[in-house]
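Observations on chain architecture
If you want the building blocks of each chain, they are given just below.
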Protein chains: 2
Amino acid sequence: MKKIKNLIVGCGLSGLVLAERIASQLKENVLIIDRRSHIGGNVFDYKDIKTGITIHKYGPHVFHTDMKHVWDYLSNFTQWHFFHLETQVVIEGIKTALPFNLNTLRDVFCPSLAERLEQKLIETYGFGTKIPILKLKENGDNDLRFLAEYIYNNVFAGYTGKQWGLRPEEIDPEVTARVPVYISRDNGYFQDKYQGIPLKGYTGMCKKMLDNPLIELKLNTDFADIKNEIFPERLIFSGAIDEFFEYKYGELPYRSLRFDIRTENIEYYQKTAVTNYPNNYDFTRICEHKHFLNEKSNKTVISVEYPQPFEIGKNERCYPINNPQTQKLYQQYQKEARKLKNVYFIGRLGDYKYYNMDICINRALEFFKTIKGENK
Amino acid sequence: MKKIKNLIVGCGLSGLVLAERIASQLKENVLIIDRRSHIGGNVFDYKDIKTGITIHKYGPHVFHTDMKHVWDYLSNFTQWHFFHLETQVVIEGIKTALPFNLNTLRDVFCPSLAERLEQKLIETYGFGTKIPILKLKENGDNDLRFLAEYIYNNVFAGYTGKQWGLRPEEIDPEVTARVPVYISRDNGYFQDKYQGIPLKGYTGMCKKMLDNPLIELKLNTDFADIKNEIFPERLIFSGAIDEFFEYKYGELPYRSLRFDIRTENIEYYQKTAVTNYPNNYDFTRICEHKHFLNEKSNKTVISVEYPQPFEIGKNERCYPINNPQTQKLYQQYQKEARKLKNVYFIGRLGDYKYYNMDICINRALEFFKTIKGENK
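Reference entry: report on the structure contained in this document.

About the cut-offs
- Residues numbered from 1 in each chain as written.
- Chains lettered and ligands numbered in written order.
- Predicted model: local features only at pLDDT ≥ 70, side-chain atom pairs only at ≥ 80, totals over all residues.
- Heavy atoms only, no water.
- Helix = DSSP H or I, 4+ residues; strand = E, 2+ residues; numbered from the N terminus.
- Buried < 20%, exposed > 50% of the residue type's maximum accessible area, 1.4 Å probe, protein only.
- Contact = heavy atoms within 4.5 Å.
- Polar contact = N/O pair within 3.5 Å; in protein donor to acceptor, adjacent residues only side chain to side chain.
- Buried area = accessible area lost by both parts, 1.4 Å probe.
- Salt bridge = Lys/Arg side-chain N within 4 Å of Asp/Glu carboxyl O.
- Nonpolar A, V, L, I, M, F, W, Y, C, P; charged D, E, K, R; others polar.
- Pairing = 2+ DSSP bridges.
- Axes fitted to C-alpha atoms, helices over the stretch in contact; angles between N-to-C directions.
- Parallel < 35°, antiparallel > 145°, perpendicular 65-115°, else oblique.
- Least-squares fit on C-alpha atoms with pLDDT ≥ 70 in both.
- Core = buried A, V, L, I, M, F, W, Y, C linked by side-chain atoms within 4.5 Å.

Let's talk about the environment of A:Ser303
Residues and elements named next belong to chain A.
- Examined against the element boundaries, Ser 303 turns out to sit in strand β17 (residues 300-309).
- Owing to a relative accessible area of 1%, Ser 303 belongs among the buried residues under this scheme.
- Linking Ser 303 and Arg 262, residues 41 residues apart in sequence, is a C-alpha distance of 6.1 Å.
- Those residues within four positions of Ser 303 in sequence are excluded, and the remaining contacts are Phe 259, Asp 260, Ile 261, Arg 285, Ile 286, Cys 287 and His 289.
- At 2.9 Å, the side chain of Ser 303 and the side chain of His 289 are in polar contact.

A closer look at the environment of A:Tyr194
Residue and element names in this part refer to chain A.
- Along the chain, Tyr 194 turns up in strand β11 (residues 194-198).
- By relative accessible area, which is 14% here, Tyr 194 ends up buried.
- Spatially, the C-alpha atom of Tyr 194 lies 6.1 Å from that of Asp 66, the residues being 128 residues apart in sequence.
- Not counting chain neighbours up to four residues away, the residues in contact with Tyr 194 comprise Phe 63, His 64, Thr 65, Asp 66, Met 67, Lys 68 and Trp 71.

Topic: the interface of chain B and chain A
- Residue-level contacts link 29 residues of chain B with 26 residues of chain A.
- Summed over both partners, the interface of chain B with chain A buries about 2100 Å², with 53% contributed by carbon and sulfur atoms.
- It is B:Phe82, B:Phe127 and B:Arg185 that lose the most area in chain B upon contact with chain A, and together they represent 34% of the buried surface on that side.
- Taken together, the connections running from chain B to chain A amount to one salt bridge.
- In this structure, the salt-bridge partner of B:Lys68 is A:Asp282, at a minimum N-O distance of 2.7 Å.
- Elements represented by at least two residues in the side of chain B that touches chain A include exactly α2 (68-75), β6 (80-82), α3 (102-108), α4 (111-125) and β11 (194-198) of chain B.
- Looking at the side of chain B that touches chain A element by element, the count peaks at four residues for α4(B).
- When grouped by side-chain class, the residues that make up the side of chain B that touches chain A number ten nonpolar, eight polar and eleven charged.

So, the sheet that holds β6(B)
Residues and elements named next belong to chain B.
- As summarised here, the arrangement of the three strands in space is β5-β11-β6, forming an open sheet in which the pairing is antiparallel. With partners counted over all chains shown, the strands left at the sheet margins are β5 (63-65) and β6, one partner each. The mean inter-strand angle of the sheet, taken between neighbouring strand axes irrespective of direction, is 40°.
- Summarising the sheet, β6 and β11 pair through three bridges and their orientation is antiparallel. Looking at β11, one finds that His 81 is bridged to Ile 197.
- Contacts from α2 reach β5, β6 and β11, with the element oriented near 145° to β5.
- Each of β5 and β11 touches helix α8 (residues 201-209); the most contacted strand, β11, lies at about 85° to it.

Regarding the pairing of strand β1 (residues 2-9) of chain B
Residues and elements named next belong to chain B.
- Examined bridge by bridge, β1 and strand β13 (residues 230-237) share seven bridges and lie parallel to one another. Paired with Lys 2 across the strands is Ile 230, a residue of β13.
- As defined by bridge partners, β1 adjoins strand β2 (residues 30-33) across four bridges and the pair is classed as parallel. What sits directly across from Val 9, in β2, is Ile 33.

What about the sheet that holds strand β19 (residues 343-345) of chain A?
All names here are of chain A.
- The five strands are arranged β12-β2-β1-β13-β19 in an open sheet whose pairing can be described as parallel. Since the sheet does not close on itself, it has two edges, and those belong to β12 (215-218) and β19, each with one partner. Within the sheet, the average angular offset between the axes of one strand and its neighbour, ignoring direction, is 30°.
- Here four bridges tie strand β2 (residues 30-33) to β12, and the two strands are oriented parallel to one another. Among the inter-strand pairings, Leu 31 is bridged to a residue of β12, identified as Glu 216.

A look at the packing of helix α4 (residues 111-125) of chain A against helix α6 (residues 142-164) of chain A
Residues and elements named next belong to chain A.
- Between α4 and α6, the least distance of the axes is 10 Å, while the angle of their chain directions is 105°. By the angle class used here, α4 and α6 are roughly perpendicular. Note on element contacts: α6 touches α4 through Asp 143, Leu 144, Phe 146 and Leu 147, opposite Leu 113, Arg 116, Leu 117, Lys 120, Leu 121, Thr 124 and Tyr 125.
- Residue composition of the contact of α4 with α6, grouped by class: seven nonpolar, one polar and three charged.

Here's the deal with the pairing of strand β16 (residues 285-288) of chain A
Residue and element names in this part refer to chain A.
- Along β16, one buried face is formed by Arg 285 and Cys 287 and the opposite face, lined by Ile 286 and Glu 288, is buried too.
- In this sheet, β16 lies alongside strand β15 (residues 274-276) in antiparallel orientation, the contact comprising three bridges. Within the sheet, the bridge partner assigned to Asn 276 lies in β16 and is Arg 285.
- Pairing of β16 with β17, which is carried by four bridges, proceeds in the antiparallel orientation. Bridge assignment links Glu 288 to a residue of β17, and that residue is Ile 302.

So, the relation of the copies chain B and chain A
- When chain B is fitted to chain A, the best match, at an RMSD of 0.1 Å, comes from turning it 73° and sliding it 1.1 Å along the axis. What the rotation and shift describe, once combined, is the action of a five-fold rotation axis. Considering only C-alpha atoms, the part of chain B nearest the rotation axis is B:Pro111, at 8.8 Å.
- The residues that chain B uses at the interface reappear at the interface of chain A in only 3% of cases, marking distinct surfaces.

Here's the deal with the nonpolar core
- Ranked by internal contacts, the top residues of the largest apolar core, which has 61 residues, are B:Leu18, B:Phe63, B:Phe82, B:Ile236 and B:Ile361.
- For this core, the elements supplying multiple residues, two or more each, are β17 of chain A together with α1 (13-25), β2, α2, β6, β11, α8 and α13 (357-375) of chain B.
- Other than its neighbours up to four places away in sequence, B:Ile361 contacts B:Leu13, B:Val17, B:Phe63, B:Val70, B:Tyr73 and B:Leu74.
- By size, the runner-up hydrophobic cluster in this structure holds 57 residues, among which are A:Leu136, A:Val155, B:Val89 and B:Ala148.

Points about the side chain of A:Asp260
- With respect to the element layout, A:Asp260 can be found in strand β14 (residues 254-264).
- Take A:Asp260: its relative accessible area is 15%, and that puts it in the buried class.
- Not counting chain neighbours up to four residues away, the residues in contact with A:Asp260 comprise A:Ile302, A:Ser303, A:Val304, A:Tyr306 and B:Gln79.

This is the structure we're talking about:
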């Protein structure tokens, strides 16, 4: 039985930010553990030995944010490779930009139809705007309605079905049709002010965050195995909240992914880092890793992403499945969590919420402020 | 005289599927024989020694299917190179996409005509649809009728004539004119959900299917030479049904092919794997093999395909010649076949039917279900 100041469970972004803040700002000792054999959670990357290419083990991660303070915070631990993600999509054998923009119209449709659509979109909504296809559908114009239907059928229905394992009739068009057409020639996937990839990889950045003598790291360590031996004054838990409570109300469901990582004996496999396949095959996308840091090799490494149901002990939790039923279940656990003193739940698994990286970091920084307030 | 459990004649896809299923699922011994010196039937491929390029010995094979269970079944034995076949056609010296689509119109006609046709096609039939030229011909519009005539004369009349060895007046326009114009910019030859080529070649995949100690393979072995020595409890025959019955009702006719396989001292011979020549020369198409697996070499290997009449002992059976007369003849053999106990005919030659690879595999898997049912 051992008393310690801070125990952080989970060494993903949330845990890392809090370990770093508590050690550097409060000068307190932190023990951070993770059941995996590596730091970084799902942003973990590593150099492939044969090709020297940096691999995003759990799928493509491109950092993007409009929050200057989040960008500045991470910039303490890394330099940036300035990178704007462009993704392509395969529709009827044509590779074109996603989200749908004016370039896409020119690639997919014949010039006369593309021009007519372009003119109508610009006249109706203005150049530079983003219009959800749900809104396009409600337009009285036949061409614009055709465009909305086309995008719905050729991009979103198939992708959503594969991503969430739903049959076409189970897909709620009100939800999927939120995706916009971008009335612009910007092929960029994000439009955030700050976009980039840590110059030495995410793992390099995460290592820097842990580089403080007050922080002790234990990998391959499951919380369940040490919780009866170690008694922290403050427990920050970024693991799955349902698992923490031993699933007493039932399992919170997630969607998982299987990555088929392959080395191909060609210089480039595709034009951009990510290509989406809404209609063909059972995978949703193929990621070519050398694009992220513009690494050179006469070979290339790709990962083919197959969505899967999450099963405890079999694969990893990726996407919380958000619906009224699961939210209700989560709230039961949340209520339970609030009864505990000095135990805090954060992160994608602790909050049961899909977080972009910047939101996740902002959430951890905000949470740190409350800890700091209590300490005063 | 030797008794055995299962004898499969023919080591093409049908035979392979059944050998694999019977051995792995029923745990029964299987002897599979082929008169050729290799496995795989007409999907056999091999590495050309000089260039390292994988050659499709019996012409281009691109696997494509909408049947997930067929794709998943083969995926047990191979990884996939994701490949979408595009083919070109030479018309009046211009190389363009086949089937005819909106891109083809722009390549073949002058811009003003192409645009007029494009607009009329989209207005009349809608973007994304496929219209048989027979239907186009019936349209009241002069431009659309011109297009139908143009495609008929410049693509189908010549190609069909060479393929089947028919004079123009022998060609039935009702049959050939079924080929569509695709009102789309998709240059893909197929639109199936799953399309690809086994990553290590078809022969690699076929080898894996045979990789079971219960399966014994004998190549260079003619059924006629062993049928009086080996007595199987179950005989699955994927050879020619007329040959099995010693042609007692006459020969079932086939069309055959001659491949002129040539190494060219240039990096690429053509833009796509297959180029069709409906009007020029006596060959129907040229296949450039390095495209299939995106193999690199400073040389290239092409095969030039000459349709030929099939002659027993001289060349290989390729395409069953389907007409009422040959169907009647086939049915006589089929009737004969039904009288036999524990003898089953399958595959392109056993069923006297042109099968795409996926249909062939599905047929074999369905047939296996009936065997499995009997065993219970």
